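Residues per chain are reported as follows:
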Amino acid sequence: MTASLLQLRVAAPDPALQPLREEVRGFLHDEIAAGSFVPVADCWVRGSSPAFSRKLGARGWLGMTWPKAFGGHGRTNQERYVVIEELLAAGAPVAAHWVAERQIGLSILRRGTDAQRHAYMPAIARGESYFGACYSEPDVGSDLASVRTRATRVGSSWRITGRKVWTSQAHIADHFFVLARTSTEGRKHDGLTMFIVPATTPGIDIRPLVSLNGEHHFNEVTFDEAAVPDTAVLSGEGKGWQLITAELAIERSGPERILSTLPVLREMVARARLDAGHRDAPVVVGELVARLRTLRAMSLAVAAEIEAGGDPAVQAALVKDLGTRFEGDVVAAARSLWPVAPRQGAADRYDDLVAQAVMHAPTFTLRGGTNEVLRGIVARALGLR
Ligand SMILES: Cc1cc2nc3c(=O)[nH]c(=O)nc-3n(C[C@H](O)[C@H](O)[C@H](O)COP(=O)(O)OP(=O)(O)OC[C@H]3O[C@@H](n4cnc5c(N)ncnc54)[C@H](O)[C@@H]3O)c2cc1C
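Residues numbered from 1 in each chain as written. Predicted model: local features only at pLDDT ≥ 70, side-chain atom pairs only at ≥ 80, totals over all residues. Heavy atoms only, no water.

A. Layout of helix H8 (residues 240–252). Between the first and last C-alpha of H8 there are 18 Å, a value that for 13 residues agrees with the 18 Å anticipated at 1.5 Å per step. Residues of H8 that are buried include every one of Gly-240, Leu-243, Ile-244, Glu-247, Leu-248, Ala-249, Ile-250, Glu-251 and Arg-252, and no others. (Helix = DSSP H or I, 4+ residues; strand = E, 2+ residues; numbered from the N terminus. Expected span 1.5 Å × (residues − 1). Buried < 20%, exposed > 50% of the residue type's maximum accessible area, 1.4 Å probe, protein only.)

B. The nonpolar core, seen in detail. Formed by 52 residues in total, the largest nonpolar core has its most connected members in Leu-28, Phe-52, Val-94, Val-264 and Met-268. Beyond its immediate stretch of four places on either side in the chain, Val-264 contacts Ala-41, Val-330, Ala-334, Leu-353, Val-354 and Ala-357. Listed in part, the 27 residues of the second largest apolar core include Val-140, Met-194, Leu-234 and Ile-250. (Core = buried A, V, L, I, M, F, W, Y, C linked by side-chain atoms within 4.5 Å. Contact = heavy atoms within 4.5 Å.)

C. The site of the ligand, seen in detail. Around the ligand, the surrounding shell holds 14 residues, and the nearest of these are Ser-136, Ser-142, Trp-166, Thr-370 and Glu-372. Take Gly-141: an N or O atom from its main chain is 3.5 Å from an oxygen atom of the ligand. Between the ligand and Ser-142, the relevant distance is 2.6 Å, taken from an oxygen atom to a side-chain nitrogen or oxygen of the residue. Taking 970 Å² as the accessible area of the ligand by itself, protein coverage stands at 63%. By residue class, the composition of the shell around the ligand is 5 nonpolar, 7 polar and 2 charged. (Near = heavy atom within 4 Å. Polar contact = N/O pair within 3.5 Å; in protein donor to acceptor, adjacent residues only side chain to side chain. Areas by Shrake-Rupley, 256 points an atom, 1.4 Å probe, with all protein chains shown as cover. Nonpolar A, V, L, I, M, F, W, Y, C, P; charged D, E, K, R; others polar.)

D. Spotlight on the layout of surface pockets. Reported here for the second largest pocket is a volume of approximately 780 Å³. Considering the residues around the second largest pocket, the lining is formed by 31 residues, among which Arg-25, Glu-86, Ala-89, Leu-262 and Arg-266 are closest to the centre. A per-class count over the lining of the second largest pocket returns 20 nonpolar, 2 polar and 9 charged. (1 Å grid on protein atoms, 1.4 Å probe; cavity = no way out; pocket = protein on both sides within 12 Å on 5 of 7 lines; lining within 4 Å. Points joined across faces, edges and corners; volume = space filled by probe spheres on them.)

E. Molecular detail of the side chain of Arg-252. Relative to the helices and strands, Arg-252 is located in helix H8. Among buried charged residues, Arg-252 stands out as having no salt bridge; its nearest opposite-charge side chain is Glu-251, 6.6 Å away. Not counting residues up to four positions away in its chain, the partners in contact with Arg-252 are Arg-257, Ala-316, Lys-320, Gly-368, Gly-369, Leu-374 and Ile-377. (Lys, Arg positive; Asp, Glu negative; His and termini not counted. Salt bridge = Lys/Arg side-chain N within 4 Å of Asp/Glu carboxyl O.)

F. Spotlight on the environment of Glu-372. When you line up the elements, Glu-372 lands in helix H14 (residues 371–381). By relative accessible area, Glu-372 is classed as exposed at 56%. Along the primary structure Glu-372 and Asp-321 are separated by 51 residues, whereas in three dimensions their C-alpha atoms are 8.5 Å apart.

G. Representation of empty space enclosed by the protein within the structure. On inspection of all chains with the given rule, the structure shows 1 cavity of 30 Å³ or more. Empty space within the largest cavity amounts to approximately 30 Å³. As for the largest cavity, its lining consists of Trp-61, Leu-62, Arg-80, Ile-84, Leu-87, His-97, Trp-98 and Glu-101. Sorting the residues of the lining of the largest cavity by element identifies helix H5 (77–89) and helix H6 (95–111) as the ones contributing at least two each. For the lining of the largest cavity, the residue count by class is 5 nonpolar, 1 polar and 2 charged.

Here's what the structure looks like:
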């Protein structure tokens, strides 16, 4: 395990993918020129545009790797990686569909029934259906197996009661993935079940959790005897823990864990070119670009491993730890090279982007599992704990 953990098969980007990359770049260039969106930092959390999501769906750039039978496009993970990378680099508004397309669709494909696949996947691939991931609860984040939201069987249906927090995009979601406790017997991990719950189900209340900068991405979602049929169970009763750990491995492995602040770094490169007299800028920016290159190679290696049918959950945890720290370091370097008072909405492009990134940087190492928890995963795989 130790050897394979430390060996990531690094491969150069496949040149055969360049035409697809150019196609996506051309599309994004035209969209920006047409005023369809203004690039933002941390776009996969902050930039929500259902209209833009539908445009991506119409181009076949959502659900790319899923089978055509379920609305997908039968393309490779490497092709999807190219599309995702370009969207993130451009700071495009992808948050509306992000959770549904990145992890929910795949979970349904891998663990759902055919009826569930047909019911949910095509609409996600069209960019028309958005999901909220209702996992975290007050006092239950890192220790997710301690979830207290209860689902009780009543005849052939279930009643869900509990409170979830930090549910990204719940206010625009049409469905939720809800992790709930269905048994208190045995190991706490074994009593968890995942449900697919329509947002319109009576008994669900969605309240905004507004960030300090006034933005609204998070929500508190409460369930008060919300009733769903037996067919809402994904993967079987008591299978929630296996499902969520597999899903989190996917969630942690993408290029969004290194590219959230790329729009800022691009501006820094441009500034360093213009500000030729700045002594430190070439060195600091150069180091960041070199780190990015290394991280990208590692991230591509994880993607290739997934493509090959492997399970690089530990490598993904490692790359996420390094990648999210890099994202934060970009923001710190931007502030120290050309100090700006964070003013979101500032007329100057650099000031505005840095302000956006400053406000979001504290979240980079938390979301999707904190870095301390990820290091615990790596340490366990190395036999150190
Ligand atoms: C931008 C963003 C989006 C999010 N979106 C969603 C969402 O859509 N759905 C959802 O369900 N959740 C979401 N979350 C919540 C996220 O998953 C949790 O914040 C995260 O899992 C940490 O949980 P916590 O906040 O309860 O922190 P805690 O678990 O209370 O951790 C507090 C501190 O203790 C440390 N710690 C905890 N346990 C250990 C340990 N065993 N070893 C070492 N250190 C430890 C942590 O690293 C951290 O520094 C989101 C969070 C953010 C920031």
